[in-house]
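One-letter residues, chain by chain:
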Amino acid sequence: MEIKTFGVIGAGQMGNGIAQVAAASGLDVIMNDVKQEFVDKGLKTIGGILARNVEKGKMTVPEKDALLARIKGSISLKDMAAADFVVEAATEKQDIKFQIFRDLDQICRPGAILATNTSSIPIGRIAAQTRRPDKVIGMHFMNPVPVMKLVEIIPGLPTSEATLNTTWALAEKFGKTPAKANDYPGFIANRILLPMLNEAVYCLYHGVGTREDIDTVMKLGMNHPMGPLALADLIGLDTCLAIMETLYDGFKDSKYRPCPLLRKYVEAGWLGRKTGRGFFEYK
Ligand code: CAA
């Protein structure tokens, strides 16, 4: 199946990154969000990253302009009627994703593939919201999307082989390396990563170490590029909490219980980099 027009739902940190890599691979991109200001912010982020790439000599100004011209902003889901392949990267809330998939199923042409960038909600559950469950799949990008090589691809029980193959080929076209995970809570990436981040929050909660010492141990002792608390701030503490809840609900195993301190930060609106404050402070 040939993909020419690629839709992204959500212009936030994952959505705008996905739009950027799709446009960089030569596709026409429609980037949708609920408000024009969110779309504008996403376009501005992409413009800023590309401008830095020009400064670094990684691309020319005409290449930057051509890439940006391939991304069209949208605040109407109906614009997705033009898309051959859509990735949903909206907020990690099941009800919101369900509604988006029900709407996309009505709007998109019957052959279009509907993928979700969910970090942990079961793909089969999302697919069941549509009349095309064979064309629904998980396509999980990592943050920051333009930098990270991995795309985790998650076929649900009803996902067809053709949908899996098309999605796999698309990830490769984006210059990414796909890895397949089966549809169990958290898939592979977050099943392993999030309990580690949650444990780092427990270390802070129990006073085992300061935020700086916890991150230093993992950075210098394990060669991680950033410490777990800084990484949680990058992902977003609300997203981290949502993933831990999904793991806990899905397995009913107490080892996945979210740390009360993580919940406390989320309730205070300290969500990490995006709000300027999480375990660390950001300008
Ligand atoms: N967008 C685009 N490019 C970015 C970027 C962003 N947000 N952040 C950094 N970069 C680029 C920089 O411009 C720089 O590019 P050049 O090499 O061309 O100069 C390069 O990445 C390296 O950046 P820095 O030198 O500023 O800093 P660094 O070497 O510390 O790398 C990092 C930054 C890539 C974020 C690195 O710290 C890292 O890999 N951290 C771990 C990230 C990670 O684990 N991500 C997965 C999160 S889990 C997830 O996303 C899934 C989920 O569902 C929760």
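Everything here concerns the structure above.
Residues numbered from 1 in each chain as written. Predicted model: local features only at pLDDT ≥ 70, side-chain atom pairs only at ≥ 80, totals over all residues. Heavy atoms only, no water.

**Quick look at the overall build of the protein**
Part 1 of the argument: A count of helices and strands for the protein gives 11 helices and eight strands.
Part 2 of the argument: For 283 residues, the compact-globule estimate of 2.2 N^0.38 gives 19 Å, and the C-alpha radius of gyration of the protein, at 19 Å, lies within 12% of that figure.
Part 3 of the argument: Along the three orthogonal principal directions, the C-alpha set of the protein runs to about 55 × 45 × 30 Å.
Part 4 of the argument: Sorting the 283 residues of the protein into buried and exposed places 50% on the buried side.
Part 5 of the argument: A separation threshold of at least 6 residues defines the contact pool for the protein, and within that pool the share at least 24 residues apart is 66%.
Part 6 of the argument: Just so you have it, the protein exposes about 13,500 Å², and 55% of that area is on carbon and sulfur atoms.
Part 7 of the argument: Of the side chains in the protein, 35 bear a positive and 31 a negative charge, and the two mean positions are spaced by 1 Å. (Helix = DSSP H or I, 4+ residues; strand = E, 2+ residues; numbered from the N terminus. Rg over C-alpha atoms; globule rule 2.2 N^0.38 Å. Buried < 20%, exposed > 50% of the residue type's maximum accessible area, 1.4 Å probe, protein only. Contact = heavy atoms within 4.5 Å. Areas by Shrake-Rupley, 256 points an atom, 1.4 Å probe, with all protein chains shown as cover. Lys, Arg positive; Asp, Glu negative; His and termini not counted. Charge placed at Lys NZ, Arg CZ, Asp CG, Glu CD.)

**A look at the pairing of strand β7 (residues 150–155)**
Part 1 of the argument: When you tally the buried positions in β7, you get five out of six residues, the bulk of the element.
Part 2 of the argument: Since β7 and strand β8 (residues 177–180) lie parallel, the crossover through helix α6 (residues 161–173) that links them has a hand, and here it is right-handed. (Right-handed = clockwise from strand over helix to strand, strands pointing away.)

**A few points about unusual backbone geometry**
Part 1 of the argument: Omega for the bond connecting Asn143 with Pro144 falls within 30 degrees of zero, at 0°, which places this linkage in the cis form.
Part 2 of the argument: The backbone of Asn223 shows a phi angle near 60°, a positive value even though the residue is not glycine.
Part 3 of the argument: Along the chain, Asn223 turns up in the loop between α8 (211–222) and α9 (228–235).
Part 4 of the argument: Despite not being glycine, Lys252 shows a phi value in the positive range, around 50°.
Part 5 of the argument: Tracing the sequence through the fold places Lys252 in the loop between α10 (237–251) and α11 (260–267).
Part 6 of the argument: Looking at Lys252, the relative accessible area reads 68%, which means it is exposed.

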